[in-house]
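Results of the structural survey
What follows is each chain in one-letter form.
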Amino acid sequence: MNQPARPAADRCPGVFDTHPAADGALARVRLPGGRIRPDQLELLARAAAEHADGHLELTVRGNLQVRGITDVEAVAEAVVAAGLAPSSTHDKVRNIELSPLTGRIGGIADARPLAAALDDALRADPAAASLSGRFLFGIDDGRGDIAARRPDACAVIRAGSSVATDPPLTADTPLVADIVIGGVPVGSATGSEAIVRALIAVAAGLREVAPGAWRVRDLDADSRHRLADLAASSLDPVIGDDPDAAPDVTREPLVGWFDQDDGAVLLGAVVELGRLAARLAEFIAAVQAPVVFTPDREILLCDLDEGVAETVVRVLAPMGLIFDAASPWASVSCCVGAPGCSSAHAPVRDDLMARVQDGDPVDEREHWVGCARGCGSPAGSHLSVQATPEGGYERRRR
Ligand code: SF4
């Protein structure tokens, strides 16, 4: 059965192919797994300060956006110099979500190397360049946080029957993962190479069964089955006990002080409106610690010793980094709205700021948007607050 036609190309922005927003050019910088080194963050922050609106915008996939760009070339040069755009042809397809705490707190195994291997393999595959910028890969370290977001192609690390989990996995233990397509497990693979190959094969399969489709969710039932059969043909049986169980992605915010498994400290924070001021980003970079941006727009400063962590909280909290999980900003988010977006029916940022300042309690996850497109909506259940053409907002639970 043929799929409904999508436009020939999606308009997802990248570093080299910016989006002409109402407030200037917008570039999206992909951070596979949300990970960024301090030196990279510093270069990006400086570019945002010198050639854009002075902020880094946190996205719902753990990426960063630079908006209001006045010199597109200068920003692209800075991103390339930082090593954050290693391929001009594959820039927009490096969409990889990774369990944010992996390798530091919990999880069956450290999935960071797997995400890096997937990024390498993606960039080495010429055919992958034609993948939609909306196609999403996921690497879940077994805790279920990324699988619950239903990426298009997800590897969920399992404690397979042949793999001992007590004692915990070692670096030498081959990883075993279920391969999950659009939320449905189709088989398993053993070893990093096989897992990466299986994920790339899902993307290739999508091109085969529905050329032009952006995401698995665009497929009709028949095409989904064909894609699953195609992928399963080279996989072992599914390992997960309850393959169809996908817990709600809603979870406690990763905000505050957390003890890592190795005794170091991890600090989680949010910023107002999901906008990280370039100056604050430079201070975060100066901590010289690995940083992770999560798909829930949190900022994790990792591998800190206690003294450094205490200093970070003391210095950066007054600058706008929010370490309080009870803050409304840990539970609300929004799109840019007017005047930054020409489709917006309302100044969403201003309205959300007023809502928070009013002090009304935030009892559930809220996402405010300026129109029906619902940009940046959380993957989990939430209250959608959508501006209407008639004025005002419509509230709907999603
Ligand atoms: S949801 Fe609508 S108003 Fe908001 S950024 Fe997207 S297109 Fe613009």
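Parameters and conventions
- Residues numbered from 1 in each chain as written.
- Predicted model: local features only at pLDDT ≥ 70, side-chain atom pairs only at ≥ 80, totals over all residues.
- Helix = DSSP H or I, 4+ residues; strand = E, 2+ residues; numbered from the N terminus.
- Rg over C-alpha atoms; globule rule 2.2 N^0.38 Å.
- Buried ≥ 20, exposed ≤ 12 C-beta atoms within 10 Å, placed from the backbone.
- Contact = placed C-beta atoms within 7 Å.
- Pairing = 2+ DSSP bridges.
- Axes fitted to C-alpha atoms, helices over the stretch in contact; angles between N-to-C directions.
- Domains from an automatic or database assignment.
- Parallel < 35°, antiparallel > 145°, perpendicular 65-115°, else oblique.
- Left-handed = near helix turned anticlockwise from the far one by under 90°.
- Core = buried A, V, L, I, M, F, W, Y, C linked by C-beta atoms within 7 Å.
- Arc of directions from axis to C-beta.
- Nonpolar A, V, L, I, M, F, W, Y, C, P; charged D, E, K, R; others polar.

A tally of regular secondary structure across the protein gives eight helices and 19 strands. Relative to the compact-globule value of 21 Å for 398 residues, the protein shows a C-alpha radius of gyration of 21 Å, a close match. Taking the principal axes of the C-alpha coordinates as reference, the protein spans close to 55 × 55 × 45 Å. Buried residues in the protein amount to 51% of all 398 residues. The long-range share in the protein, meaning contacts at least 24 apart out of those at least 6 apart in sequence, stands at 66%.

Taken in spatial order, the four strands of this open sheet run E16-E17-E18-E19, and their pairing is mixed. The sheet is open, and its two edges are formed by strand E16 (332-334) and strand E19 (393-397), each paired on a single side. When strand polarity is set aside, the average angle formed by the axes of neighbouring strands in this sheet is 20°. As defined by bridge partners, strand E17 (residues 366-369) adjoins strand E18 (residues 383-387) across four bridges and the pair is classed as parallel. Across the sheet, residue Glu366 finds its bridge partner in E18, namely Leu383. Against the sheet, helix H8 (residues 348-358) engages E16, E17 and E18, with an angle of about 165° to E16.

Attention now goes to the domain arrangement of the protein. Once the domains are mapped, the protein shows domain 1 (19-90), domain 2 (101-232), domain 3 (256-323) and domain 4 (331-397). For domain 2 and domain 3, the distance between their C-alpha centroids amounts to 29 Å.

Attention now goes to the packing of helix H4 (residues 192-209) against helix H5 (residues 221-232). Orientation of H4 relative to H5, taken along the N-to-C sense of each, is 140°, at an axis distance of 9 Å. Comparing the axis directions of H4 and H5 gives the class oblique. In the packing of H4 onto H5, the handedness of the crossing is right-handed. Residues Ala198, Ala201, Val202, Gly205, Leu206, Glu208 and Val209 of H4 touch H5, and the partners they reach there are Ser223, Arg226, Leu227, Leu230 and Ala231.

Next up on the list: the nonpolar core. Judged by nonpolar contacts, the single largest core of 73 residues is most densely connected at Leu44, Val75, Val79, Ala281, Val291, Leu301 and Val348. Take this core: its biggest share by element is six residues, from helix H1 (residues 38-51). By size, the runner-up hydrophobic cluster in this structure holds 49 residues, among which are Ile139, Ala147, Val156 and Leu219.

One open sheet accounts for five strands, arranged E1-E2-E5-E4-E13; its pairing is antiparallel. Whereas interior strands pair on both sides, the edge strands pair on one side only; in this sheet they are strand E1 (19-21) and strand E13 (275-277). If you compare each strand with its neighbour and ignore which way they point, the axes differ by 35° on average. Pairing of E1 with strand E2 (residues 24-29), which is carried by three bridges, proceeds in the antiparallel orientation. Bridging from a neighbouring strand, His19 pairs with Leu26 of E2.

Here we take up the pairing of E18. Bridge analysis of E18 against E19 gives five bridges, and the strand direction is antiparallel. Counted as the bridge partner of Gln386 is Glu394 from E19.

Looking now at the pairing of strand E9 (residues 176-181). Extensive coverage of E9 is indicated by the burial of six of its six residues. Every second residue of E9 is oriented toward a common face, with Val176, Asp178 and Val180 on one face and Ala177, Ile179 and Ile181 on the other, all of them buried. Sheet topology places strand E8 (residues 153-157) next to E9; five bridges connect them, and they run antiparallel. Bridged to Ile157 within E9 is Ala177. Taken together, the six bridges between E9 and strand E10 (residues 184-190) define a ladder with antiparallel strand orientation. Residue pairing across strands places Ala177 opposite Ala189, the latter belonging to E10. Remark: two residues form the turn of the hairpin made by E9 and E10, two consecutive strands paired antiparallel; Gly182 in that turn has positive phi of roughly 55°.

With that settled, consider helix H2 (residues 72-81). All of the buried residues in H2 are Val72, Val75, Ala76, Ala78 and Val79. Buried residues in H2, looked at end-on, bunch into an arc of 160°, giving them a common side. Directly after H2, the chain includes Gly83, whose backbone phi takes a positive value near 75°.

We now examine the packing of H1 against H2. Contact pair H1 / H2: the axes reach a minimum separation of 9 Å and the direction vectors enclose 170°. One way to sum up the angle between H1 and H2 is to call them roughly antiparallel. For the pair formed by H1 and H2, the contact residues are Leu43, Leu44, Arg46, Ala47 and His51 on the first element and Ala74, Val75, Ala78, Val79 and Ala81 on the second. Its residues placed into classes, the contact of H1 with H2 shows eight nonpolar, one polar and one charged.

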